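Residue-level structure breakdown
Take a look at the letters that make up each chain.
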Amino acid sequence: MKPIALLFCFSLITFISSAQLTADGSLPTVKTANGILQGTQNSGIAQFRGVPFAQPPVGDLRWKAPQPVKNWEGTLRADHFSARPMQLPIYSDMRFRSPGISEDCLYLNIWTPARTGNEQLPVLVFFYGGGMKAGDASEYRYDGESMARKGIVAVTVNYRLGVFGFLAHPELSQESTFHGSGNYGLMDQTEALRWLHKNIAAFGGNPENITIAGESAGSSSVCAQIVTPLARNLFAGAIGESGSILKMNSVIKLKEAEQIGLKFSKTVSANSLKELRAMPAEQLLNATGKTGSDNFPLDIDGYFFPESPVTLYKTGRVAKVPVIIGWNSEESNWKSILGKDEPTKENYTKAVKKLYPSNSDEILKLYAANDDSDVVVVATSLASDRTNAFGSWRWVDLHTKTNSPVYRYFFTKARPGLMAEVNKPILRDSQETAVKNFTGLGFFQGAVHSAEIEYALGNLPSNRVYDWQPSDYMVSTIMQDYFVNFIRTKNPNGTGLPYWPLYQSWQKDPIMFIGYDTHRAPDKTRERYLYFDKISDN
């Protein structure tokens, strides 16, 4: 009996080490470098939720670079989402599946269609948006099951936010080996990529074919991972949706960031780093809700960012990987330019002169309103460029100079009306009106910031706020297929899709407009972005 028992034990160990992901009714089990994980299964898709990739950043590890996760004994149940990072309820469109907030938040989630763990499938790692102040890897719109059903191993990652993820302070800089501080949330993302590079093969993924992606702050995070030397060789491609760290004043000097940290310390009556670390997390979080106390910018810490991101890009010291970069037609509303004033040419002119006292003449030429009827579209275009479009364009422009493949998109699909009948507009699909109103500058009633997420990830059914129409599902199919193709091959093109050319500023039709009428189109906006680039100081 002993030889049989030994043979059985050897077979079991071998089976677990290669991963048990088959759809045989049992729970999927994987052996990672840190221990055994047991997940759940949904119609052939194995799901592992709440997978630790770093030690909890609590106590003495608060405001330190993430530390590698410790090994665990036995089998760890990965069947539920972890707590989301510490954050205030800022954005009404965020719908979480996590049980609450906690400093102990460094976990990731994996969806895989693999059956044996030997498939070497392409991997998507998605970073959530939320201004580096809010968000969570459990949000419905980032769910990875739809991508997994397309043959992708999908991953979402938590990272520290706000004061917990980005506080810089002179004492923190003094205690660190690199004499800098801040950017801990970005370091969390890099640590997650290290863990995945070491372990994703056990889930059926190919560690040499990881694509990182994100929207808004998540897109800025992708840009940051391309720039930092810490993440070099941890991914093979990148997708950035409406965000970049290359816009004006996005990353500040360390000394400036430290002063912001000192000012915050005073608001909570902390005279030392020791006192800050001793404070309950809830007390620190609530203090950030006070006016002027919630902004902790990225900084040139000498470690994650050895120099300014723009300098690193211009000198070619970035990851030279294929990218998809784009933004939406209504990243911001005209009211952010005119405030409560009516959209008249006179009010628009006054507003621009107030915003750009030294450059208003040129801005009014680039964003010209001939009469009152032009103001809404033109002001919306200026508002969009000021927030996300210029930074994303600058990213596109600088990345093309690395001689890496770049695919640029412009997402134009306006959301339909709300599900509630009382809130439905007369036009159930306002894209028809938007197309007619297109001037080359932007759309009125266009695709607002973050609107593309559910389309790109195939998650329209998870958002029941909007009354999705057949045209929405058509656009989602096209956009998701572009992304899936890129994740697989680093080229978005494929059978049945409009051809998407590489972006070059000199080409006739270098931009893929993704929307009600997906097509290639010329770049009519370059001059205004070149001007913003000219007046930018970083």
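Residues numbered from 1 in each chain as written. Predicted model: local features only at pLDDT ≥ 70, side-chain atom pairs only at ≥ 80, totals over all residues. Heavy atoms only, no water.

Focus on the sheet that holds strand β2 (residues 36-38)
Strand order in this open sheet of three strands is β1-β2-β5, and the pairing throughout is mixed. One side of each edge strand has no neighbouring strand; the edge strands of this open sheet are β1 (29-31) and β5 (75-77). Strand-to-strand twist of the sheet, defined as the mean angle between neighbouring strand axes without regard to direction, takes the value 25 degrees. Alignment of β1 against β2, held across three bridges, turns out to be antiparallel. Each bridged residue has a counterpart across the sheet, and for Lys31 the counterpart in β2 is Ile36. (Pairing = 2+ DSSP bridges. Helix = DSSP H or I, 4+ residues; strand = E, 2+ residues; numbered from the N terminus. Axes fitted to C-alpha atoms, helices over the stretch in contact; angles between N-to-C directions.)

Some points on helix α7 (residues 254-267)
Each α-helix winds once per 3.6 residues, and so residues spaced three or four apart point in a common direction. The end-to-end C-alpha separation of α7 is 20 Å, in line with the 20 Å expected for 14 residues at 1.5 Å each. All of the buried residues in α7 are Leu254, Ala257, Glu258, Gly261, Phe264 and Ser265. Looking straight down α7, one finds that the buried residues subtend no more than 115 degrees of arc, so they occupy a single side. Exposed and oriented more than 90 degrees from the buried face of α7 are Lys255, Lys263 and Lys266. Where α7 terminates, the next one or two residues include Ser269, which has phi positive at roughly 60 degrees. (Expected span 1.5 Å × (residues − 1). Buried < 20%, exposed > 50% of the residue type's maximum accessible area, 1.4 Å probe, protein only. Arc of directions from axis to C-beta.)

Quick notes on the layout of surface pockets
Computed from the structure, the largest pocket encloses a volume of approximately 960 Å³. As for the largest pocket, its lining consists of 45 residues, and the residues nearest its centre are Tyr91, Gly130, Gly131, Ser216 and Ala217. When residues of the lining of the largest pocket are traced back to their parent elements, those giving at least two are α6 (217-227), α14 (375-400) and α16 (453-457). Per-element accounting of the lining of the largest pocket gives the leading share, four residues, to α14. Each residue belonging to the lining of the largest pocket can be placed in one class, and the counts come to 14 nonpolar, 21 polar and ten charged. (1 Å grid on protein atoms, 1.4 Å probe; cavity = no way out; pocket = protein on both sides within 12 Å on 5 of 7 lines; lining within 4 Å. Points joined across faces, edges and corners; volume = space filled by probe spheres on them. Nonpolar A, V, L, I, M, F, W, Y, C, P; charged D, E, K, R; others polar.)

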